[in-house]
Amino acid sequence: MTERRQLHLNLFVYPGGHHEAAWRHHGTDPDRLLDIGFYQELARTAERATFDAVFFADGPSQADNVRYASRFRLEPFTWLSAIAAATERIGLIATASTTYTEPYNLARLFASLDHLSRGRAGWNIVTTGAPQAAGNFGLDAHPAHAERYDRADEFVDVVTRLWDSWEDEALIADQKSGLFADTDRIHRIDHEGRHFRVSGPLNTPRTPQGRPVYVQAGSSEDGRAFAARHAEAVFTAHQTLRSGQEFYADLKTRAAAFGRDPDRLLVLPGISPFIGSTEAEARALHQEFDELTQPEYSLELLHRLLGVRLTAEQLDGPVPRELVETGGERGNGSRFQLVLDIIDRERPTVRQLLHRLAGARGHRVVAGTPEQIADQLQEWFEHGAADGFNVMPPWLPGGFDLFTEHVVPILRRRGLFRTEYRGTTLRDHYGLPRPTGRRLALTSPKEQA
(Lines give C-alpha, C1' and ligand atoms only; values in the text may rest on other atoms or scores of the structure.)
Protein backbone atom coordinates (compact mmCIF):
# COMPACT_ATOMS: atom_id res chain seq x y z
CA MET A 1 0.00 0.00 0.00
CA THR A 2 1.51 3.28 -1.08
CA GLU A 3 1.82 6.02 1.51
CA ARG A 4 -0.42 9.04 1.00
CA ARG A 5 1.30 12.08 -0.47
CA GLN A 6 1.67 14.92 2.04
CA LEU A 7 2.25 18.66 1.93
CA HIS A 8 5.61 20.33 2.37
CA LEU A 9 5.58 23.62 4.28
CA ASN A 10 8.31 26.21 4.71
CA LEU A 11 8.28 29.36 6.83
CA PHE A 12 9.44 32.23 4.62
CA VAL A 13 10.94 34.75 7.05
CA TYR A 14 10.87 38.45 6.18
CA PRO A 15 11.72 41.11 8.79
CA GLY A 16 8.47 41.95 10.56
CA GLY A 17 6.31 40.04 8.09
CA HIS A 18 5.43 40.03 4.41
CA HIS A 19 2.87 42.80 4.32
CA GLU A 20 4.69 46.04 3.54
CA ALA A 21 3.00 47.79 6.49
CA ALA A 22 3.58 44.96 8.97
CA TRP A 23 6.15 46.89 10.97
CA ARG A 24 3.50 49.57 11.69
CA HIS A 25 0.90 47.13 12.99
CA HIS A 26 0.35 46.84 16.76
CA GLY A 27 1.02 43.08 16.55
CA THR A 28 4.62 43.66 15.47
CA ASP A 29 7.54 44.77 17.64
CA PRO A 30 9.96 46.62 15.32
CA ASP A 31 12.53 46.79 18.13
CA ARG A 32 13.06 43.03 17.74
CA LEU A 33 13.73 42.97 14.00
CA LEU A 34 17.50 42.74 14.58
CA ASP A 35 17.23 40.43 17.60
CA ILE A 36 18.47 36.93 16.77
CA GLY A 37 16.37 35.59 19.64
CA PHE A 38 13.26 36.66 17.76
CA TYR A 39 14.21 34.57 14.73
CA GLN A 40 15.27 31.62 16.86
CA GLU A 41 11.82 31.68 18.49
CA LEU A 42 10.14 31.72 15.07
CA ALA A 43 12.23 28.75 13.95
CA ARG A 44 11.40 26.81 17.11
CA THR A 45 7.70 27.49 16.53
CA ALA A 46 8.05 26.19 12.96
CA GLU A 47 9.92 23.14 14.22
CA ARG A 48 7.24 22.34 16.81
CA ALA A 49 4.77 22.45 13.90
CA THR A 50 7.08 20.05 11.96
CA PHE A 51 7.65 22.47 9.08
CA ASP A 52 10.16 21.33 6.49
CA ALA A 53 12.31 24.46 6.63
CA VAL A 54 12.75 28.12 7.41
CA PHE A 55 13.76 30.20 4.41
CA PHE A 56 15.68 33.48 4.38
CA ALA A 57 15.65 35.54 1.19
CA ASP A 58 18.63 37.77 0.47
CA GLY A 59 20.00 40.21 -2.08
CA PRO A 60 23.32 42.04 -2.51
CA SER A 61 21.81 45.54 -2.53
CA GLN A 62 19.37 47.65 -0.57
CA ALA A 63 15.89 46.31 -1.29
CA ASP A 64 12.92 48.46 -2.23
CA ASN A 65 12.39 51.74 -0.35
CA VAL A 66 13.59 51.32 3.22
CA ARG A 67 12.36 54.82 4.08
CA TYR A 68 8.83 53.45 4.53
CA ALA A 69 9.17 49.70 5.13
CA SER A 70 11.35 47.17 6.96
CA ARG A 71 13.09 46.10 3.79
CA PHE A 72 16.67 45.64 4.96
CA ARG A 73 18.57 42.39 4.43
CA LEU A 74 20.09 40.01 6.96
CA GLU A 75 23.04 37.98 5.72
CA PRO A 76 21.54 34.48 5.90
CA PHE A 77 24.54 32.25 6.69
CA THR A 78 25.28 34.01 9.96
CA TRP A 79 21.61 34.13 10.90
CA LEU A 80 20.88 30.51 9.99
CA SER A 81 23.95 29.29 11.84
CA ALA A 82 22.55 30.87 15.00
CA ILE A 83 19.16 29.30 14.25
CA ALA A 84 20.82 25.91 13.70
CA ALA A 85 22.21 26.08 17.22
CA ALA A 86 18.72 26.71 18.64
CA THR A 87 16.91 23.95 16.70
CA GLU A 88 17.37 20.26 15.90
CA ARG A 89 15.39 19.15 12.86
CA ILE A 90 14.06 22.01 10.77
CA GLY A 91 15.70 22.73 7.41
CA LEU A 92 17.65 25.94 6.82
CA ILE A 93 17.40 27.49 3.33
CA ALA A 94 19.48 30.51 2.37
CA THR A 95 19.45 32.60 -0.79
CA ALA A 96 22.79 33.15 -2.50
CA SER A 97 23.45 34.78 -5.87
CA THR A 98 25.36 33.13 -8.69
CA THR A 99 25.99 36.58 -10.19
CA TYR A 100 27.61 38.24 -7.19
CA THR A 101 29.47 35.40 -5.47
CA GLU A 102 32.20 32.96 -6.50
CA PRO A 103 31.67 29.18 -6.60
CA TYR A 104 34.48 28.20 -4.24
CA ASN A 105 33.47 30.62 -1.49
CA LEU A 106 29.81 29.72 -1.76
CA ALA A 107 30.54 25.97 -1.75
CA ARG A 108 32.47 26.39 1.51
CA LEU A 109 29.70 28.46 3.14
CA PHE A 110 26.96 25.95 2.39
CA ALA A 111 29.14 22.95 3.24
CA SER A 112 29.90 24.54 6.59
CA LEU A 113 26.20 25.22 7.26
CA ASP A 114 25.31 21.64 6.34
CA HIS A 115 27.96 20.24 8.69
CA LEU A 116 27.07 22.67 11.48
CA SER A 117 23.35 21.76 11.25
CA ARG A 118 23.95 18.03 10.71
CA GLY A 119 22.41 18.03 7.26
CA ARG A 120 19.73 20.72 7.15
CA ALA A 121 21.06 23.21 4.57
CA GLY A 122 19.38 24.27 1.33
CA TRP A 123 20.60 26.72 -1.31
CA ASN A 124 18.04 29.02 -2.94
CA ILE A 125 19.81 29.69 -6.23
CA VAL A 126 19.15 33.14 -7.70
CA THR A 127 20.81 35.18 -10.42
CA THR A 128 19.78 38.52 -8.81
CA GLY A 129 17.25 40.73 -10.56
CA ALA A 130 18.19 44.05 -8.94
CA PRO A 131 20.31 46.12 -11.35
CA GLN A 132 21.58 48.37 -8.53
CA ALA A 133 23.61 45.42 -7.21
CA ALA A 134 26.18 45.93 -9.97
CA GLY A 135 27.50 49.11 -8.37
CA ASN A 136 28.27 47.23 -5.17
CA PHE A 137 30.67 44.92 -6.98
CA GLY A 138 32.57 47.29 -9.23
CA LEU A 139 30.52 46.57 -12.36
CA ASP A 140 29.38 49.25 -14.77
CA ALA A 141 26.13 47.43 -15.53
CA HIS A 142 24.04 44.52 -14.32
CA PRO A 143 24.53 41.48 -16.61
CA ALA A 144 21.66 40.72 -18.98
CA HIS A 145 19.06 38.11 -18.03
CA ALA A 146 20.31 35.38 -20.40
CA GLU A 147 23.93 36.06 -19.47
CA ARG A 148 23.14 35.66 -15.78
CA TYR A 149 21.52 32.28 -16.37
CA ASP A 150 24.41 31.11 -18.55
CA ARG A 151 26.77 31.94 -15.69
CA ALA A 152 24.41 30.25 -13.20
CA ASP A 153 24.48 26.97 -15.15
CA GLU A 154 28.25 26.82 -15.00
CA PHE A 155 28.27 28.05 -11.40
CA VAL A 156 26.03 25.20 -10.21
CA ASP A 157 28.13 22.64 -12.07
CA VAL A 158 31.31 23.91 -10.40
CA VAL A 159 29.76 23.99 -6.93
CA THR A 160 28.38 20.48 -7.38
CA ARG A 161 31.78 19.15 -8.37
CA LEU A 162 33.40 20.90 -5.42
CA TRP A 163 30.89 19.32 -3.02
CA ASP A 164 31.67 15.95 -4.60
CA SER A 165 35.44 16.45 -4.55
CA TRP A 166 35.64 14.53 -1.29
CA GLU A 167 34.28 11.01 -1.55
CA ASP A 168 32.18 9.81 1.38
CA GLU A 169 34.97 7.46 2.49
CA ALA A 170 37.74 10.07 2.28
CA LEU A 171 37.53 11.12 5.93
CA ILE A 172 38.98 8.27 8.02
CA ALA A 173 40.20 9.79 11.32
CA ASP A 174 41.78 6.49 12.44
CA GLN A 175 43.66 7.33 15.62
CA LYS A 176 45.37 3.96 15.79
CA SER A 177 46.88 4.04 12.30
CA GLY A 178 47.40 7.79 12.27
CA LEU A 179 45.58 8.11 8.94
CA PHE A 180 43.23 11.10 8.99
CA ALA A 181 42.15 11.27 5.33
CA ASP A 182 42.50 9.05 2.29
CA THR A 183 43.90 11.52 -0.20
CA ASP A 184 43.26 9.07 -3.05
CA ARG A 185 39.58 9.84 -2.45
CA ILE A 186 40.00 13.63 -2.56
CA HIS A 187 40.05 15.03 -6.09
CA ARG A 188 40.87 18.21 -7.91
CA ILE A 189 38.17 19.32 -10.30
CA ASP A 190 40.39 21.39 -12.64
CA HIS A 191 37.45 23.24 -14.10
CA GLU A 192 38.03 25.68 -16.96
CA GLY A 193 34.92 27.19 -18.46
CA ARG A 194 33.54 30.37 -19.93
CA HIS A 195 33.02 32.09 -16.58
CA PHE A 196 35.21 30.25 -14.06
CA ARG A 197 38.54 28.55 -13.54
CA VAL A 198 38.55 26.51 -10.34
CA SER A 199 41.15 23.93 -9.34
CA GLY A 200 39.65 22.39 -6.22
CA PRO A 201 39.28 20.27 -4.27
CA LEU A 202 37.06 21.87 -1.64
CA ASN A 203 38.82 22.13 1.72
CA THR A 204 35.77 20.72 3.54
CA PRO A 205 34.76 17.04 3.67
CA ARG A 206 31.58 15.87 1.97
CA THR A 207 28.54 17.03 3.89
CA PRO A 208 25.90 14.99 5.76
CA GLN A 209 23.42 15.43 2.88
CA GLY A 210 26.06 14.78 0.23
CA ARG A 211 25.04 18.14 -1.14
CA PRO A 212 22.70 20.79 0.30
CA VAL A 213 19.25 20.79 -1.32
CA TYR A 214 19.10 22.81 -4.56
CA VAL A 215 16.24 25.31 -4.47
CA GLN A 216 15.42 27.80 -7.21
CA ALA A 217 13.23 30.90 -7.38
CA GLY A 218 12.35 32.21 -10.82
CA SER A 219 9.56 31.45 -13.27
CA SER A 220 10.75 33.13 -16.45
CA GLU A 221 11.56 30.99 -19.50
CA ASP A 222 15.25 30.92 -18.52
CA GLY A 223 14.28 30.25 -14.91
CA ARG A 224 12.07 27.29 -15.81
CA ALA A 225 14.75 25.73 -17.99
CA PHE A 226 17.30 26.19 -15.21
CA ALA A 227 14.97 24.68 -12.60
CA ALA A 228 14.22 21.67 -14.78
CA ARG A 229 17.95 20.92 -15.02
CA HIS A 230 19.07 21.64 -11.48
CA ALA A 231 16.40 22.36 -8.87
CA GLU A 232 15.02 19.96 -6.29
CA ALA A 233 12.48 22.50 -5.02
CA VAL A 234 11.13 25.61 -6.72
CA PHE A 235 9.73 28.71 -5.01
CA THR A 236 7.20 30.46 -7.22
CA ALA A 237 4.35 33.01 -7.19
CA HIS A 238 0.91 32.45 -8.71
CA GLN A 239 -2.42 34.21 -8.25
CA THR A 240 -4.80 31.64 -9.70
CA LEU A 241 -5.21 27.88 -9.56
CA ARG A 242 -5.04 27.67 -13.35
CA SER A 243 -1.75 29.58 -13.47
CA GLY A 244 -0.34 27.34 -10.76
CA GLN A 245 -1.44 24.21 -12.61
CA GLU A 246 0.10 25.37 -15.88
CA PHE A 247 3.42 26.13 -14.20
CA TYR A 248 3.40 22.86 -12.26
CA ALA A 249 2.71 20.73 -15.33
CA ASP A 250 5.24 22.60 -17.44
CA LEU A 251 8.03 22.26 -14.89
CA LYS A 252 7.40 18.56 -14.27
CA THR A 253 7.35 17.90 -18.04
CA ARG A 254 10.62 19.77 -18.52
CA ALA A 255 12.27 17.83 -15.68
CA ALA A 256 11.19 14.52 -17.23
CA ALA A 257 12.67 15.63 -20.57
CA PHE A 258 16.04 15.87 -18.81
CA GLY A 259 15.66 12.29 -17.60
CA ARG A 260 14.76 13.36 -14.08
CA ASP A 261 12.04 11.97 -11.82
CA PRO A 262 9.40 14.76 -11.71
CA ASP A 263 8.44 13.72 -8.17
CA ARG A 264 11.89 14.82 -7.05
CA LEU A 265 11.25 18.39 -8.12
CA LEU A 266 8.93 20.03 -5.58
CA VAL A 267 6.85 23.06 -6.59
CA LEU A 268 6.19 25.35 -3.61
CA PRO A 269 4.15 28.51 -4.31
CA GLY A 270 4.04 31.34 -1.80
CA ILE A 271 0.89 32.02 0.21
CA SER A 272 0.27 34.84 2.68
CA PRO A 273 -2.80 34.11 4.88
CA PHE A 274 -4.91 36.52 6.91
CA ILE A 275 -6.76 34.29 9.38
CA GLY A 276 -9.91 35.13 11.36
CA SER A 277 -12.64 33.28 13.24
CA THR A 278 -14.98 34.34 10.42
CA GLU A 279 -14.30 35.31 6.82
CA ALA A 280 -15.52 38.85 7.58
CA GLU A 281 -13.06 39.10 10.46
CA ALA A 282 -10.19 37.93 8.25
CA ARG A 283 -11.07 40.41 5.51
CA ALA A 284 -11.30 43.22 8.08
CA LEU A 285 -7.85 42.28 9.35
CA HIS A 286 -6.51 42.39 5.80
CA GLN A 287 -8.06 45.82 5.28
CA GLU A 288 -6.56 47.00 8.57
CA PHE A 289 -3.09 46.26 7.22
CA ASP A 290 -3.82 47.81 3.82
CA GLU A 291 -4.91 51.04 5.50
CA LEU A 292 -1.43 51.28 7.07
CA THR A 293 0.29 51.30 3.68
CA GLN A 294 2.01 54.48 2.50
CA PRO A 295 1.54 55.52 -1.14
CA GLU A 296 5.11 56.79 -1.40
CA TYR A 297 6.41 53.28 -0.80
CA SER A 298 3.79 51.48 -2.85
CA LEU A 299 4.19 53.71 -5.91
CA GLU A 300 7.95 53.21 -5.83
CA LEU A 301 7.44 49.44 -5.72
CA LEU A 302 5.11 49.64 -8.70
CA HIS A 303 7.67 51.71 -10.60
CA ARG A 304 10.34 49.10 -9.91
CA LEU A 305 8.08 46.29 -11.09
CA LEU A 306 6.53 47.90 -14.16
CA GLY A 307 8.74 50.86 -15.02
CA VAL A 308 5.78 53.26 -14.81
CA ARG A 309 6.03 56.36 -12.61
CA LEU A 310 2.64 57.28 -11.12
CA THR A 311 1.58 59.86 -8.53
CA ALA A 312 -0.76 59.97 -5.52
CA GLU A 313 -3.27 61.90 -7.63
CA GLN A 314 -3.74 58.81 -9.81
CA LEU A 315 -4.49 56.35 -6.98
CA ASP A 316 -8.21 56.05 -7.62
CA GLY A 317 -7.97 55.96 -11.40
CA PRO A 318 -7.35 52.92 -13.61
CA VAL A 319 -3.86 51.55 -14.03
CA PRO A 320 -2.55 53.09 -17.29
CA ARG A 321 -1.86 49.76 -18.99
CA GLU A 322 -0.85 51.51 -22.22
CA LEU A 323 2.21 53.01 -20.50
CA VAL A 324 3.65 49.61 -19.56
CA GLU A 325 6.38 48.51 -21.96
CA THR A 326 6.58 44.73 -22.25
CA GLY A 327 9.90 44.49 -24.08
CA GLY A 328 13.46 44.74 -22.80
CA GLU A 329 15.09 43.30 -19.71
CA ARG A 330 12.15 43.97 -17.36
CA GLY A 331 9.77 42.09 -19.65
CA ASN A 332 11.76 38.86 -19.13
CA GLY A 333 10.90 38.77 -15.43
CA SER A 334 8.24 36.41 -14.13
CA ARG A 335 7.04 38.89 -11.48
CA PHE A 336 6.54 41.54 -14.20
CA GLN A 337 4.26 39.16 -16.08
CA LEU A 338 2.37 38.24 -12.90
CA VAL A 339 1.54 41.89 -12.17
CA LEU A 340 0.60 42.46 -15.79
CA ASP A 341 -1.78 39.50 -15.61
CA ILE A 342 -3.49 41.01 -12.55
CA ILE A 343 -4.00 44.28 -14.43
CA ASP A 344 -5.37 42.57 -17.54
CA ARG A 345 -7.60 40.17 -15.63
CA GLU A 346 -9.02 42.43 -12.91
CA ARG A 347 -8.73 45.97 -14.33
CA PRO A 348 -7.95 47.41 -10.87
CA THR A 349 -7.50 51.01 -9.87
CA VAL A 350 -3.96 51.99 -8.98
CA ARG A 351 -4.87 51.84 -5.27
CA GLN A 352 -6.40 48.38 -5.62
CA LEU A 353 -3.32 47.11 -7.41
CA LEU A 354 -1.04 48.58 -4.77
CA HIS A 355 -3.03 46.82 -2.06
CA ARG A 356 -2.76 43.55 -3.98
CA LEU A 357 1.02 43.91 -4.07
CA ALA A 358 1.32 45.18 -0.49
CA GLY A 359 0.49 41.78 0.97
CA ALA A 360 3.37 39.75 -0.44
CA ARG A 361 4.88 41.46 -3.52
CA GLY A 362 2.83 39.43 -6.00
CA HIS A 363 2.52 36.18 -4.07
CA ARG A 364 -1.00 34.97 -3.36
CA VAL A 365 -2.73 36.62 -0.41
CA VAL A 366 -5.80 34.89 1.06
CA ALA A 367 -8.18 35.89 3.85
CA GLY A 368 -10.51 33.49 5.60
CA THR A 369 -11.16 31.11 8.46
CA PRO A 370 -8.65 28.35 9.27
CA GLU A 371 -10.92 25.88 7.44
CA GLN A 372 -11.07 28.09 4.35
CA ILE A 373 -7.28 28.50 4.31
CA ALA A 374 -6.84 24.74 4.66
CA ASP A 375 -9.39 24.20 1.86
CA GLN A 376 -7.40 26.37 -0.52
CA LEU A 377 -4.10 24.68 0.32
CA GLN A 378 -5.73 21.29 -0.22
CA GLU A 379 -7.28 22.35 -3.52
CA TRP A 380 -3.98 23.46 -4.99
CA PHE A 381 -2.19 20.42 -3.59
CA GLU A 382 -4.71 17.88 -4.90
CA HIS A 383 -5.35 19.54 -8.25
CA GLY A 384 -1.85 19.68 -9.68
CA ALA A 385 -0.71 23.15 -8.68
CA ALA A 386 1.58 22.56 -5.68
CA ASP A 387 3.59 20.01 -3.71
CA GLY A 388 3.45 22.34 -0.73
CA PHE A 389 3.78 26.01 0.11
CA ASN A 390 6.07 28.75 1.29
CA VAL A 391 4.01 30.19 4.13
CA MET A 392 4.52 33.98 4.17
CA PRO A 393 2.89 35.39 7.33
CA PRO A 394 1.61 38.96 6.85
CA TRP A 395 3.10 39.88 10.22
CA LEU A 396 5.35 38.16 12.74
CA PRO A 397 5.08 36.43 15.06
CA GLY A 398 1.27 36.67 15.33
CA GLY A 399 0.41 35.80 11.74
CA PHE A 400 2.52 32.65 11.93
CA ASP A 401 1.22 31.68 15.37
CA LEU A 402 -2.33 31.72 13.99
CA PHE A 403 -1.31 29.44 11.13
CA THR A 404 0.47 26.87 13.29
CA GLU A 405 -2.23 26.89 15.98
CA HIS A 406 -5.32 26.75 13.77
CA VAL A 407 -4.50 25.70 10.18
CA VAL A 408 -1.84 23.03 10.77
CA PRO A 409 -4.12 20.92 13.03
CA ILE A 410 -6.78 20.89 10.28
CA LEU A 411 -4.24 19.75 7.68
CA ARG A 412 -3.13 16.99 10.04
CA ARG A 413 -6.69 15.80 10.69
CA ARG A 414 -7.16 15.57 6.93
CA GLY A 415 -4.00 13.46 6.62
CA LEU A 416 -2.30 16.14 4.53
CA PHE A 417 0.61 17.02 6.83
CA ARG A 418 2.95 15.13 9.12
CA THR A 419 2.53 14.95 12.87
CA GLU A 420 6.22 14.25 13.48
CA TYR A 421 9.51 14.25 11.62
CA ARG A 422 10.65 10.93 10.20
CA GLY A 423 14.20 11.99 9.48
CA THR A 424 16.82 14.48 10.52
CA THR A 425 17.89 16.21 7.29
CA LEU A 426 16.19 18.58 4.87
CA ARG A 427 16.44 15.87 2.22
CA ASP A 428 14.58 13.54 4.57
CA HIS A 429 11.80 16.11 5.04
CA TYR A 430 11.48 16.71 1.30
CA GLY A 431 11.61 13.00 0.47
CA LEU A 432 14.76 13.45 -1.60
CA PRO A 433 17.56 10.86 -1.80
CA ARG A 434 21.11 11.56 -0.69
CA PRO A 435 23.05 11.90 -3.97
CA THR A 436 26.08 9.82 -4.68
CA GLY A 437 29.21 11.73 -5.65
CA ARG A 438 29.85 12.26 -9.34
CA ARG A 439 33.11 10.30 -9.15
CA LEU A 440 33.85 9.92 -12.86
CA ALA A 441 33.35 13.62 -13.50
CA LEU A 442 35.85 14.47 -10.81
CA THR A 443 38.93 12.72 -12.11
CA SER A 444 41.64 15.12 -13.13
CA PRO A 445 43.56 14.75 -16.39
CA LYS A 446 46.47 13.29 -14.39
CA GLU A 447 44.22 10.60 -12.87
CA GLN A 448 42.79 9.71 -16.28
CA ALA A 449 46.25 9.12 -17.78
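This text goes with the structure placed above it.
Participant: Could you give an account of the overall build of the protein chain, with specific residues and numbers?
Facilitator: Regarding its fold elements, the protein chain presents 15 helices and 13 strands. Expected size for 449 residues packed as a compact globule is a radius of gyration near 22 Å; at 22 Å, the protein chain falls within 12% of this value. Expressed as lengths along the three principal axes of its C-alpha atoms, the size of the protein chain is roughly 75 × 50 × 45 Å. Relative to its 449 residues, the protein chain shows a buried fraction of 55%. Per element, the accessible surface of the protein chain, about 19600 Å² overall, is 48% carbon and sulfur.

Participant: Before we move on, could you go through unusual backbone geometry and cite the residues and values that matter?
Facilitator: Going from Gly200 to Pro201, the amide bond is cis rather than trans, its omega being 0°. Geometrically, the link from Leu396 to Pro397 is a cis peptide bond, its omega value of 0° lying close to zero. Within the secondary structure layout, Pro397 lies in the loop between β13 (388–391) and α12 (398–413). Its identity is not glycine, yet Thr50 carries a phi of approximately 55°, on the positive side. Assignment of secondary structure puts Thr50 in the loop between α1 (36–48) and β2 (53–56). Classification of Thr50 as buried rests on a relative accessible area of 4%. Not every positive phi belongs to a glycine, and Arg118 is a case in point at roughly 60°. Checked against the element boundaries, Arg118 lands in the loop between α3 (103–116) and β4 (121–126).

Participant: Could you give me a rundown of the packing of aromatic side chains, with the residues and numbers involved?
Facilitator: For the structure shown, the criterion picks out 21 aromatic pairs. A centroid spacing of 6.0 Å and a plane angle of 90° characterise the contact between Phe12 and Tyr14, whose relative ring orientation is edge-to-face. Each member of the pair, Phe12 as well as Tyr14, is classed as buried. Ring centres of Phe51 and Phe403 lie 6.2 Å apart, and the angle between their planes is 80°; this geometry places the pair in the edge-to-face category. Residue Phe51 is located in the loop between α1 and β2, and its partner Phe403 is located in helix α12; the two are separated by 352 residues in the primary sequence. Exposure class is identical for Phe51 and Phe403. Each is buried. Connected via pairs of aromatic rings, a cluster forms that spans Phe77, Phe110, Trp123, Phe155, Trp163, Phe196 and Tyr214.

Participant: Lay out the packing of helix α2 (residues 76–86) against α3 in plain terms, naming residues and giving numbers.
Facilitator: Two packed helices can be described by the angle between their axes and the distance between those axes. Across the interface, α2 lies against α3 with an axial gap of 10 Å and an inter-helix angle of 10°. Of the possible angle classes, the one that applies to α2 and α3 is roughly parallel. In this structure, α2 contributes Phe77, Leu80, Ser81 and Ala84 to the contact, and α3 contributes Leu109, Phe110, Leu113 and Leu116. Considering only residue class, the contact of α2 with α3 consists of 7 nonpolar, 1 polar and no charged.

Participant: So what's going on with the packing of helix α8 (residues 295–306) against helix α10 (residues 350–360)? Which residues, and what values?
Facilitator: Contact pair α8 / α10: the axes reach a minimum separation of 10 Å and the direction vectors enclose 85°. As judged from the angle between their axes, α8 and α10 are roughly perpendicular. Judged by residue contacts, Ser298, Leu299, Leu301, Leu302 and Leu305 of α8 engage Val350, Leu353, Leu354 and Leu357 from α10. Across the contact of α8 with α10, the residue classes tally to 8 nonpolar, 1 polar and no charged.

Participant: Quick one: what's the story with the environment of Gly362, residue by residue and with numbers?
Facilitator: Turning to its location among the elements, Gly362 is positioned in the loop between α10 and β12 (364–368). Assessed through its relative accessible area of 0%, Gly362 is described here as buried. Contact partners of Gly362, with chain neighbours within four places excluded, come to Ala237, Gln239, Arg335, Leu338 and Leu357.

Participant: Give me α12: which residues, what numbers.
Facilitator: The terminal C-alpha atoms of α12, which comprises 16 residues, lie 23 Å apart, in line with the 22 Å expected from a rise of 1.5 Å per residue. The sharpest bend along α12 comes to roughly 35°, located at Val407, with the proline Pro409 sitting one to four residues further on. Taken together, the buried positions of α12 are occupied by Gly398, Gly399, Phe400, Phe403, Thr404, Val407, Val408, Ile410 and Leu411. Those residues of α12 that are buried lie in contact with β1 (8–13), α1, β11 (266–275), α11 (370–382) and β13. After α12 finishes, the residue Gly415 shows a positive phi value of roughly 75°.

Participant: Mind laying out the environment of Gly17, listing which residues take part and the relevant values?
Facilitator: Relative to the helices and strands, Gly17 is located in the loop between β1 and α1. Along the backbone, Gly17 and Lys176 are 159 residues apart, and their C-alpha atoms lie at a distance of 54 Å. Not counting chain neighbours up to four residues away, the residues in contact with Gly17 comprise Ala22, Arg71, Pro393, Pro394, Trp395 and Leu396.

The rules behind these values
- Residues numbered from 1 in each chain as written.
- Predicted model: local features only at pLDDT ≥ 70, side-chain atom pairs only at ≥ 80, totals over all residues.
- Heavy atoms only, no water.
- Helix = DSSP H or I, 4+ residues; strand = E, 2+ residues; numbered from the N terminus.
- Rg over C-alpha atoms; globule rule 2.2 N^0.38 Å.
- Buried < 20%, exposed > 50% of the residue type's maximum accessible area, 1.4 Å probe, protein only.
- Areas by Shrake-Rupley, 256 points an atom, 1.4 Å probe, with all protein chains shown as cover.
- Phe/Tyr/Trp six-rings, centres within 6.5 Å; stacked < 30°, edge-to-face > 60°.
- Axes fitted to C-alpha atoms, helices over the stretch in contact; angles between N-to-C directions.
- Parallel < 35°, antiparallel > 145°, perpendicular 65-115°, else oblique.
- Contact = heavy atoms within 4.5 Å.
- Nonpolar A, V, L, I, M, F, W, Y, C, P; charged D, E, K, R; others polar.
- Expected span 1.5 Å × (residues − 1).
- Bend = angle between axes of the 7 residues up to and from the residue.

All we've got here are geometric facts, nothing functional implied.
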